[in-house]
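Residues per chain, in single letters:
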2 protein chains.
Amino acid sequence: VIETKRGGGAIDDVDLRRLIEGYVAGEIGDGPMAAFLMACVLQGLDGHETSTMTRIFVDSGTKLPLDGIGRPVVDKHSTGGVADGVSLVFAPLVASLGLACVKLSGRGLGHTGGTIDKLESIPGFRVDRSPEELRRQAVKVGCVIASQTAEMVPADRAIYALRDATATVPSIPLIAASVMAKKLAIGADLIVLDVKAGSGAFMGAVEDATSLAETCIAIAREASRPVIAAITDMSQPLGTAIGNALEVAEAIRILCGSAGRLRDLSVLLAGRTLAVLTGVEPDEAEARAAAALLDGSALACFRDMVTAQGGDPRVIDAADDLLPRAPVRRSLAADQAGTLTGTDATAIGEAARALGAGRRRPSEAIDPAVGIVLTPKVGDRLEAGASIGQVHARDEASADAAASAVRAALEIGDAPVEAPPLVHRWLMEVK
Amino acid sequence: VIETKRGGGAIDDVDLRRLIEGYVAGEIGDGPMAAFLMACVLQGLDGHETSTMTRIFVDSGTKLPLDGIGRPVVDKHSTGGVADGVSLVFAPLVASLGLACVKLSGRGLGHTGGTIDKLESIPGFRVDRSPEELRRQAVKVGCVIASQTAEMVPADRAIYALRDATATVPSIPLIAASVMAKKLAIGADLIVLDVKAGSGAFMGAVEDATSLAETCIAIAREASRPVIAAITDMSQPLGTAIGNALEVAEAIRILCGSAGRLRDLSVLLAGRTLAVLTGVEPDEAEARAAAALLDGSALACFRDMVTAQGGDPRVIDAADDLLPRAPVRRSLAADQAGTLTGTDATAIGEAARALGAGRRRPSEAIDPAVGIVLTPKVGDRLEAGASIGQVHARDEASADAAASAVRAALEIGDAPVEAPPLVHRWLMEVK
C-alpha cells in the first residue's frame, strides 16, 4: 500500500481500511504509517480515497445521531484563525432562530485555545457532556458546545497525532478527511464550514481554501450530507479580541448588539443557515439573524447554554468582574497617524500565544485571562497617540514583548485602502 | 527538518546529523524518521546531503583501517542480481595477482543468500572475523570475505531496516549512501562497484544504474576515495547456478578454468582493478587475470581463503560430495527447438527463492543445497528435448513448481538474436 501511494497510485478501499485499522489496533507501527502519510502529502489522494478514509475514521468510533430533536440541527466548523469567535455567537444566534446547533470541538492548538477552551474561561462551565445530555440540551436550549468524546473518530485522533509529529499535516485531502470525519460522525441536518483564507489562516490563498472546501463538500456529497461552505477573510484578525476570556467577553458584547466584522460574519453564516434549513428567503433570513442580536433573543439563548452547562450566567452582565483577569493591563496607542493598510494576523496570534493564550502541545495549559485587544481594522484611519487596544498579560516583561509585537504587526500608510471582503466565496451542496 | 525535505528543500548538515543520531539513540521515533525518508524518496537529496548522510553513517560506528597490508587493497560491491557469484571468483583472482581483497558482506535478502551465505555452504566456513583476523588474512592469503560486524555503520543498519519496513528503499541517494557508507568505513585503496542493470536487477534501466553509480562516485570523490564502477548486464542470470552451494560449485569450476559470462565479467573487473592499482596496461592486466584462472593460482588463493576461514578445502576437489546436496534433482529439457531470445531473470530468481535458496525476511533461514542450474544464455540455440539444466529441491512438489517456473521464464524464438553486452558502461574516478 505504501509502495502504491509512493508511486502515486490509488489505494484500494480494503487495503486502506486494513492499514488504518491495523494502525489504530497497534498492529502497524508508526514507521509504515508515517511513510504512507508522507506519500499522501506528496502524491495526493483522489476523491474516492479521501471519502473512504473519512468513512474509515467515522466507523472507528461511536456516532451521535441527532434525529428527533424537534428542530433542524446545524453543526459548524471553522478551519481556524485569529480572533475567530464566530462559534460563540453563531450557536446561540441560530438557536434563537428556532434551529439547534450542536458543536463538538477539540482543544485548540492554535494561537489561542479552541472554542471549548474559550468557554471554560466562564466559571463553572463544563464541556464534557454525555450523548444524552447533548440531545437534551439541543432540544431544550437549542445550542450546545461540548468537547469531543474519546469514543468518537479514534482513528482520526491517532492519525492526527502522528501527522502532527511527522510534519505530514499540510495535505488538503488529509485535512478534509479529518475535518469531515468529525462532522459525519454527528447526525446534523446541515454542516456549515467556515474556511479561512489569508495570512492568519492555515491556507493563505483563497484558491487553496476553496480547494479544501471543495474536497470537504465532495466528501459530504458521497455521504449524502448537505453542506454550505464560506471562504472567509483571515488577512487580519476577525474580531478585536485575541485570548480566551477576552473572546468570550467580545462574543457577549456582540450578543448585546455590538457591531464589527465578527458580528457581520456571524449574521451572514446564521442567515444562510436559516435560509437553507427552513426555506426562508436569504435576505429575510439575514434580517432575522441581525434582529435576534438586537432584541436580546440570541443573548437569552447564550445565557441558557451557559446555565445548562454549569457556568455562571452572571458573567453576561459582569464579564469584567467574573471572567479571569490578567494582572497587567497595558494600553496600546498608535505610533503615528495614517491609514491601517495591513495587520499581520499571524504575528498578532503568535504574540497572544507568547502571552500564554495558546498552546504548542496538546498537554500544555492555557492561561484564559491573557491576550490582546486590537480594535482598528484594515482601512481604518489612525491618529497618533490614540488608543488602539490593550495587552492583557501575566507580567510586565511579557506585556512589553506583546506590545512591541503588535506595533510591528501593523502597517500604516498614507493612501486610503479598502477593507477586505468578509466572504470571498460561497459554496454549497444542499438538496 | 521533515518539513524542509517535504517542501523539497536542502537539509543542513547539523540538522541531518541530529536527526540520524537521534534516531539511532532512540530519541526520535520511527514515525518522524519514516516520514523524513519518504520525503527523501519523493523529493530527492542533493549531492552534498547524500555525502553528509554517508559520513554520518560511517561516523556512527567503528572503521576498519587497512594500511600496512603490504599489498594494494580492493573492496568490491555488487548491487545484486541473479546468479551473481562474481565476488566468489573476484576475491581469490585479484589475490593471485598480488592484490588484497577485503570484502565485508551482509546476509542476502535477494533471490538467493548473499556472498557470505553462499560461502557458509562450505562445511566449517566461518564468516565472523575480528579486525585483527581480517588484517592477518589479507596479509597472508590476500583475500577475505567476512560478515559485517555489528559495530560498523549501525546508523545505516537501523535506517535500512526502517526503510525496508516502510517502502522507502527505492531512492538512488538513499541507496548510494547506504552502499558507500559500508565501503568508506573500510580503508581499501580502491572501491569496485558492480552496478547491475536489467530485468533481474534492482535497477532495470541502464540510465538508472548509471545514475546510481554516478551518485556513489560523487560520494567517493567527496571522501577522496578512488572508485571504479561497471554498469553490467542483468537482463538474464549472469552465471548458470542460482542457489548457494550451487554457486560455490560454479565459482570453483571457473577457478578451475571453465568458461562463461560469470568468468568473463570476473576477468574484466579483476583486470581493470589490477590496471588501476598497479599501473599495468589494461589489456595486459586482463590477460594476467585470464591466465590466473588457467594456471591454478586463483584456485590456490581460494583454497587458502577457505582453509584460513575454517572451511574444508576438500570441497574444491569434491564439491559434489562435500557441499550440501538436495534430495531431489530434476533434469530440465528444452520444450522446443529455437533460439533463446530472453530469460526472465527475476522469475528464475523467484523460483530459486521459492525452493528455499533465498530469504524474504532477515530472520529466515536459507537452504544451502537447493536451487536451479540453467545453462543456456540469450542467443544460444536450443534443441527440443536436450538438457538445459537441473532443479535441486527439497521435495517433488517444489521441484515441479520450479521446473514449470523455469520453463515459463524462457522465451524461445526463431530468429537469431545477439547476446547482450557484459558491461554497458565503465565509470571511474581515480587519481
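Residues numbered from 1 in each chain as written. Chains lettered and ligands numbered in written order. Predicted model: local features only at pLDDT ≥ 70, side-chain atom pairs only at ≥ 80, totals over all residues. Heavy atoms only, no water.

(A) Quick peek at the overall build of chain A. In terms of regular secondary structure, chain A is built from 17 helices and 13 strands. By the compact-globule yardstick of 22 Å for 431 residues, chain A fits well, its C-alpha radius of gyration being 21 Å. Considered along the principal axes of its C-alpha atoms, chain A spans approximately 65 × 45 × 40 Å. In chain A, which comprises 431 residues, the share counted as buried stands at 57%. Contacts in chain A between residues far apart in sequence, at least 24 positions, make up 80% of those at least 6 positions apart. Summing over all exposed atoms, chain A offers an accessible surface of approximately 15900 Å²; the carbon and sulfur share of this is 50%. Charged side chains in chain A number 43 positive and 55 negative. The centres of these two groups are separated by 4 Å. (Helix = DSSP H or I, 4+ residues; strand = E, 2+ residues; numbered from the N terminus. Rg over C-alpha atoms; globule rule 2.2 N^0.38 Å. Buried < 20%, exposed > 50% of the residue type's maximum accessible area, 1.4 Å probe, protein only. Contact = heavy atoms within 4.5 Å. Areas by Shrake-Rupley, 256 points an atom, 1.4 Å probe, with all protein chains shown as cover. Lys, Arg positive; Asp, Glu negative; His and termini not counted. Charge placed at Lys NZ, Arg CZ, Asp CG, Glu CD.)

(B) The arrangement of the sheet that holds strand β5 (residues 227–233) of chain B in detail. Residues and elements named next belong to chain B. Taken together, six strands build an open sheet; the order of strands is β3-β2-β1-β4-β5-β13 and the sheet is mixed. Each of the sheet's edge strands pairs with one partner strand only, and the pair in question is β3 (143–147) and β13 (423–429). Sheet twist, expressed as the mean angle between neighbouring strand axes with direction ignored, is 20 degrees. Sheet topology note: the strand β1 (residues 73–78)/strand β4 (residues 190–197) ladder contains five bridges and is parallel. Looking at β4, one finds that D75 is bridged to I191. Packing of helix α9 (residues 172–184) onto the sheet brings it into contact with β1, β2 (100–105) and β4, and relative to β4 it is tilted by some 155 degrees. (Pairing = 2+ DSSP bridges. Axes fitted to C-alpha atoms, helices over the stretch in contact; angles between N-to-C directions.)

(C) Representation of the packing of helix α16 (residues 345–355) of chain A against helix α17 (residues 396–409) of chain A within the structure. Residue and element names in this part refer to chain A. Here α16 crosses α17 at 175 degrees, and the two axes come no closer than 9 Å. Our classification of the angle between α16 and α17 gives roughly antiparallel. Across from A347, I348, A351 and L355 in α16, the residues of α17 making contact are S398, A399, A402, A405, V406 and A409. Here the contact of α16 with α17 is composed, by residue class, of nine nonpolar, one polar and no charged. (Parallel < 35°, antiparallel > 145°, perpendicular 65-115°, else oblique. Nonpolar A, V, L, I, M, F, W, Y, C, P; charged D, E, K, R; others polar.)

(D) Layout of the packing of aromatic side chains. Under the defined criterion, the tally for this structure stands at zero aromatic pairs over all chains. Here the basic side chain of R272(A) rests over the ring of W426(A), its NZ or CZ set 4.0 Å away from the ring centre. (Phe/Tyr/Trp six-rings, centres within 6.5 Å; stacked < 30°, edge-to-face > 60°. Lys NZ or Arg CZ within 6 Å of the ring centre and 35° of its normal.)

(E) Geometry of the packing of helix α2 (residues 13–24) of chain A against helix α8 (residues 154–165) of chain A. Residue and element names in this part refer to chain A. Viewed as axis vectors pointing N to C, α2 and α8 meet at an angle of 80 degrees, and their least axial separation amounts to 9 Å. Comparing their axes, α8 and α2 come out roughly perpendicular. Between α2 and α8, the contacting residues are I20, Y23 and V24 on the first element and A155, A158, I159 and L162 on the second. By residue class, the composition of the contact of α2 with α8 is seven nonpolar, no polar and no charged.

(F) Quick look at the relation of the copies chain A and chain B. At an RMSD of 0.0 Å, chain A and chain B line up after a rotation of 180 degrees and a shift of 0.0 Å along the axis. Such a combination of rotation and displacement between the chain copies is what one expects of a two-fold axis. Most of the interface of chain A is mirrored in chain B: 100% of its interface residues are interface residues there too. (Least-squares fit on C-alpha atoms with pLDDT ≥ 70 in both.)

(G) Up close: the pairing of strand β9 (residues 371–374) of chain A. Residue and element names in this part refer to chain A. A two-sided burial pattern is seen for β9, the buried positions comprising G371 and V373 on one face and I372 and L374 on the other. Relative to β9, strand β6 (residues 241–242) runs antiparallel, the two being bridged by two bridges. Each bridged residue has a counterpart across the sheet, and for A241 the counterpart in β9 is V373. As defined by bridge partners, β9 adjoins strand β11 (residues 387–393) across four bridges and the pair is classed as antiparallel. Counterpart to I372 in the pairing with β11 is V391.

(H) Up close: the interface of chain A and chain B. Contact with chain A, which involves 19 residues of that partner, is made by 19 residues of chain B. Taking both partners together, chain A and chain B bury about 1300 Å²; carbon and sulfur atoms supply 79% of that area. A per-residue breakdown of the area chain A buries against chain B is headed by R6(A), M38(A) and L42(A), which together make up 39% of the total. Linking chain A with chain B are zero salt bridges, by the criterion used here. (Buried area = accessible area lost by both parts, 1.4 Å probe. Salt bridge = Lys/Arg side-chain N within 4 Å of Asp/Glu carboxyl O.)

(I) Expanded view of α8(A). Between its first and last C-alpha, α8(A) extends 17 Å over 12 residues, near the 16 Å set by a 1.5 Å rise per residue. On its buried face, α8(A) sits against α2, α3 (30–43), α4 (47–59) and α9 (172–184) of chain A together with α3 (30–43) of chain B. One or two steps after α8(A), the chain reaches A167(A), where phi turns positive at roughly 55 degrees. (Expected span 1.5 Å × (residues − 1).)

(J) Seen up close, the confidence of the model for chain A. Of all residues in chain A, 100% attain a pLDDT of 70 or more, and the chain-wide mean is 94. This prediction of the complex comes with two scores: 0.81 for pTM and 0.74 for ipTM. (pLDDT = per-residue confidence, 0-100.)

(K) Seen up close, the pattern of salt bridges. Residues and elements named next belong to chain A. Evaluated as defined, the whole model comprises 51 salt bridges over all chains. For R18, the salt bridge identified is with D15, shortest N-O distance 3.7 Å. Taken together, the residues span about one helical turn, with R18 and D15 both in helix α2 at a distance of three residues. On the basis of relative accessible area, R18 is assigned to the exposed category, the value being 55%. Linking K196 and D84 is a salt bridge whose minimum nitrogen-to-oxygen distance equals 3.2 Å. A residue pair is termed long-range when its members are at least 10 positions apart, and K196 in strand β4 (residues 190–197) and D84 in the loop between β1 (73–78) and α5 (86–96) qualify at 112 residues. The burial state of K196 is the same as that of D84; both residues are buried.

(L) Just the sheet that holds strand β12 (residues 410–413) of chain A, in detail. Residues and elements named next belong to chain A. Spatial strand order, β10-β8-β12: three strands in an open sheet with antiparallel pairing. At either end of the open sheet lies a strand with only one pairing partner, and these are β10 (381–382) and β12. The sheet contact formed by strand β8 (residues 338–343) and β12 spans four bridges and is antiparallel. By the bridge assignment for β12, L340 is matched with I412. Docked against the sheet, α17 engages β8 and β12, running at close to 45 degrees with respect to β12.

(M) Region of interest: the environment of T4(B). Residue and element names in this part refer to chain B. Within the secondary structure layout, T4 lies in helix α1 (residues 2–6). A sequence separation of 35 residues divides T4 from A39, and the C-alpha atoms of the two residues are 9.2 Å apart. Aside from chain neighbours lying at most four places away, what touches T4 is G9, A10 and I11.

(N) Fine view of unusual backbone geometry. One non-glycine residue, S224(A), lies in the positive phi region at around 55 degrees. Looking at the secondary structure, you find S224(A) in the loop between α10 (206–222) and β5 (227–233). By relative accessible area, which is 57% here, S224(A) ends up exposed. For V153(B), which is not glycine, the phi torsion reads 35 degrees and is therefore positive. Note that V153(B) resides in the loop between β3 and α8 (154–165). Judged by its relative accessible area of 1%, V153(B) is buried.

(O) Expanded view of helix α10 (residues 206–222) of chain B. Residue and element names in this part refer to chain B. A rise of 1.5 Å per residue sets the reference length of α10, with its 17 residues, at 24 Å; its end C-alpha atoms lie 24 Å apart and thus fit the reference within 8%. If you check which residues of α10 are buried, you get V206, A209, T210, L212, A213, T215, C216, I217, I219 and A220. Along its buried surface, α10 packs onto α4 (47–59), α9, β4, β5 and β13. With its phi angle positive at about 55 degrees, S224 sits one or two positions after the end of α10.

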